[in-house]
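The chain contents come next:
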Amino acid sequence: MDFSLTEEQVMVRNMAWQFATNSIEPTATGDDNAEHFPQEIIGEMAPLGLLGSIVPQEYGGSGLDYISHAIIIEGIARASLSIALSVFGSHSVVEEMLMTWGSDQQKQRYLPLMCKGELFSCCALNEPGVGTDVGNFGSWAELSQGWWVINGEKVFVVNGGVSTLILAVTKVSKNGGERGLGAFLITRDVAGFSSQDTVTKNGLRACNIANVYFRGCRVPQENLLGSIENGNKIVESLLHGINFSIAASCVGVAQACIDASIKYAEERQAFGRTIGKFDMIQEMIADMTIGTEAARLLTYQVADLKTRKQPFSKQLAMARYLASDVAIRAATDAILVHGAYGFGKDLPLERYFRDVAEAIEDGGSPLIHKLTVARHALGIS
Ligand SMILES: Cc1cc2nc3c(=O)[nH]c(=O)nc-3n(C[C@H](O)[C@H](O)[C@H](O)COP(=O)(O)OP(=O)(O)OC[C@H]3O[C@@H](n4cnc5c(N)ncnc54)[C@H](O)[C@@H]3O)c2cc1C
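Thresholds applied
- Residues numbered from 1 in each chain as written.
- Predicted model: local features only at pLDDT ≥ 70, side-chain atom pairs only at ≥ 80, totals over all residues.
- Helix = DSSP H or I, 4+ residues; strand = E, 2+ residues; numbered from the N terminus.
- Rg over C-alpha atoms; globule rule 2.2 N^0.38 Å.
- Buried ≥ 20, exposed ≤ 12 C-beta atoms within 10 Å, placed from the backbone.
- Contact = placed C-beta atoms within 7 Å.
- Domains from an automatic or database assignment.
- Near = placed C-beta within 6 Å.
- Nonpolar A, V, L, I, M, F, W, Y, C, P; charged D, E, K, R; others polar.
- Axes fitted to C-alpha atoms, helices over the stretch in contact; angles between N-to-C directions.
- Parallel < 35°, antiparallel > 145°, perpendicular 65-115°, else oblique.
- Left-handed = near helix turned anticlockwise from the far one by under 90°.
- Expected span 1.5 Å × (residues − 1).

**Considerations on the overall build of the chain**
For step 1, the next point in the chain: Looking only at helices and strands, one finds 10 helices and 10 strands in the chain.
For step 2, the next point in the chain: Taken over C-alpha atoms, the radius of gyration comes to 21 Å for the chain, in line with the 21 Å a tight globule of 381 residues would show.
For step 3, the next point in the chain: Burial statistics for the chain: of 381 residues in total, 49% are counted as buried.
For step 4, the next point in the chain: Counted over contacts in the chain with a minimum sequence separation of 6, partners at least 24 positions apart contribute 75%.

**Here's the deal with unusual backbone geometry**
For step 1, the next point in the chain: Phi is positive for Phe156, which is not a glycine, with a value near 60 degrees.
For step 2, the next point in the chain: Within the fold, Phe156 resides in strand β3 (residues 147-158).
For step 3, the next point in the chain: Using a count of 19 C-beta atoms within 10 Å as the deciding quantity, one classes Phe156 as partly exposed.
For step 4, the next point in the chain: The phi dihedral of Lys309 falls on the positive side, at around 55 degrees, and the residue is not glycine.
For step 5, the next point in the chain: Structurally, Lys309 can be placed in the loop between α7 (279-307) and α8 (313-337).

**Observations concerning the domain arrangement of the chain**
For step 1, the next point in the chain: Split into domains, the chain comes out as domain 1 (7-120), domain 2 (122-228) and domain 3 (232-378).
For step 2, the next point in the chain: Measuring from the centre of the C-alpha atoms in domain 1 to the corresponding centre in domain 3 gives 20 Å.
For step 3, the next point in the chain: Domain 1 puts 26 residues into the contact, and the matching count from domain 3 is 26 residues.
For step 4, the next point in the chain: For the side of domain 1 that touches domain 3, the secondary-structure elements that each account for two or more residues are α1 (7-34), α3 (66-79) and α4 (81-101).
For step 5, the next point in the chain: Per-element accounting of the side of domain 1 that touches domain 3 gives the leading share, 12 residues, to α4.

**Re the site of the ligand**
For step 1, the next point in the chain: Taken together, 24 residues are adjacent to the ligand, and Leu125, Asn126, Gly131, Thr132 and Ser365 come closest.
For step 2, the next point in the chain: For the shell around the ligand, the secondary structure elements donating two or more residues are β1 (121-124), β3, α9 (349-359) and α10 (366-378).
For step 3, the next point in the chain: Of the residues forming the shell around the ligand, the biggest block, four residues, is contributed by β3.
For step 4, the next point in the chain: Taken together, the residues of the shell around the ligand sort by class into 13 nonpolar, seven polar and four charged.

**Notes on the packing of α1 against α3**
For step 1, the next point in the chain: Relative to each other, α1 and α3 sit at 20 degrees, their axes nearing to 8 Å. Viewed along their axes, α1 and α3 adopt a mutual orientation that is roughly parallel. With respect to the hand of their crossing, α1 and α3 are arranged in right-handed fashion. Residues Glu8, Gln9, Val12, Arg13, Ala16, Trp17, Ala20, Thr21, Ile24, Glu25 and Ala28 of α1 touch α3, and the partners they reach there are Ile67, Ser68, Ile71, Ile72, Gly75, Ile76, Arg78 and Ala79.

**Things to note about α9**
For step 1, the next point in the chain: Counting buried positions along α9 gives nine out of 11 residues, so the element sits mostly inside the fold.
For step 2, the next point in the chain: Within the span of α9, buried status applies to Leu349, Glu350, Arg351, Tyr352, Phe353, Asp355, Val356, Glu358 and Ala359.
For step 3, the next point in the chain: Looking at the buried positions of α9, the neighbouring elements they touch are α1, α4, α6 (231-267) and α8.

**Comments concerning α8**
For step 1, the next point in the chain: Given a rise of 1.5 Å per residue, 25 residues ought to cover 36 Å, and the 35 Å separating the end C-alpha atoms of α8 matches this to within 8%.
For step 2, the next point in the chain: With 19 of 25 residues buried, α8 lies mostly within the body of the structure.
For step 3, the next point in the chain: Positive backbone phi, at 55 degrees, marks Gly339, one or two positions downstream of α8.

**Here's the deal with the environment of Arg218**
For step 1, the next point in the chain: One can find Arg218 in strand β7 (residues 209-220).
For step 2, the next point in the chain: For Arg218, a count of 16 C-beta atoms within 10 Å gives the class partly exposed.
For step 3, the next point in the chain: Separated by 71 residues in the primary sequence, Arg218 and Trp147 place their C-alpha atoms 6.0 Å from one another.
For step 4, the next point in the chain: Among all residues touching Arg218, those that are not within four sequence positions of it are Trp147, Val149 and Val190.

Laid out in structure tokens, this is it:
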């Protein structure tokens with residue numbers, strides 16, 4: 001078992017972290033205050049290959065492995081969780097769904113544009129009355145005269161207000177009866193589509209989150225992703241993609257908390273010494289460091305299993321649970337390390353806390369991931 005990064009992974013890390021430090025970090029707090037989604041920064045990520053990191057080169061992507069993908073997500077989330085969720089918790093997940101379930105025609109049509117940032121995308125699952133109980137949707141798709149006609153509402157959709165391509169999962173009916181779940185590729189310009197940005201957000205304020213509405217949207221039959229028979233598997237893999245990204249993002253936020261806490265502990269003086277000399281401050285920094293490294297290694301293990309196309313759902317549930325727990329604790333402790341300044345707007349710590357507290361619900365609450373671990377352990381299906 002070799003835990004060292006390859007030369008290519010080190011290069012990817014340096015590139016992503018440098019981009020995040022130079023191009024994302026300087027404006028991250030300002031964008032959060034202004035509730036500004038920085039579309040211009042997303043545009044800068046395309047030429048660096050960051051909008052298609054796992055997409056094969058034949059479709060215009062960078063063709064990287066999942067450990068590189070996790071490293072990139074971590075580096076971007078360290079600067080801005082809003083951008084990490086937008087690009088990797090949403091857009092990249094749609095790319096992954098196309099790679100896994102798409103027809104050749106769908107891959108050719110969408111992936112090159114998505115890697116260039118000319119199509120930006122989102123995943124629309126959740127509904128006003130349906131969250132964890134995914135699949136029990138109220139939205140419907142019905143075949144009518146050779147077209148899918150889609151009706152329904154989806155909520156909390158990351159990129160919902162700015163996407164040009166929406167991957168929406170609905171129930172599918174045939175002759176009035178229920179037939180399963182369908183995942184549909186819907187472009188924003190289709191008649192009957194609209195969106196409404198979420199206005200009350202305490203965290204992820206630089207992330208576009210919206211409700212999206214389908215009112216008699218007609219899409220061609222070839223816009224069904226995969227098959228209805230595989231509807232449940234498609235939903236499962238979609239949630240896997242989102243949760244892998246959240247795990248890596250949480251590692252990034254936790255690392256930002258460690259970096260800020262160490263810097264402050266080495267500068268701030270109390271009782272004639274730097275506060276890093278006090279045991280309780282050291283303990284908080286040690287806890288953050290241990291937790292973050294454990295969550296990172298679990299996330300890399302998932303990445304390795306994904307790259308080798310091995311089953312990973314138990315490891316993912318562990319990584320996702322641990323990473324979100326570690327990130328929340330690290331953000332809380334980092335505020336404590338910074339004393340009264342920790343909760344002020346001049347430092348990014350309160351933003352880390354608000355962002356991570358909001359993000360850990362995406363893809364299912366931590367409770368659900370803990371439940372999944374328990375079910376694996378107990379052999380309950
Ligand atoms: C920042 C953010 C981004 C999001 N992005 C997207 C997106 O891009 N696309 C999208 O479709 N959705 C998105 N969501 C929605 C997200 O996936 C849901 O919030 C999540 O699935 C939980 O659903 P819910 O909020 O309706 O909670 P509910 O399902 O109502 O659950 C409420 C509570 O009950 C618990 N619970 C529910 N069922 C069980 C059970 N069987 N056993 C034990 N406990 C249970 C849950 O853990 C939770 O704590 C996002 C949410 C957030 C906060």
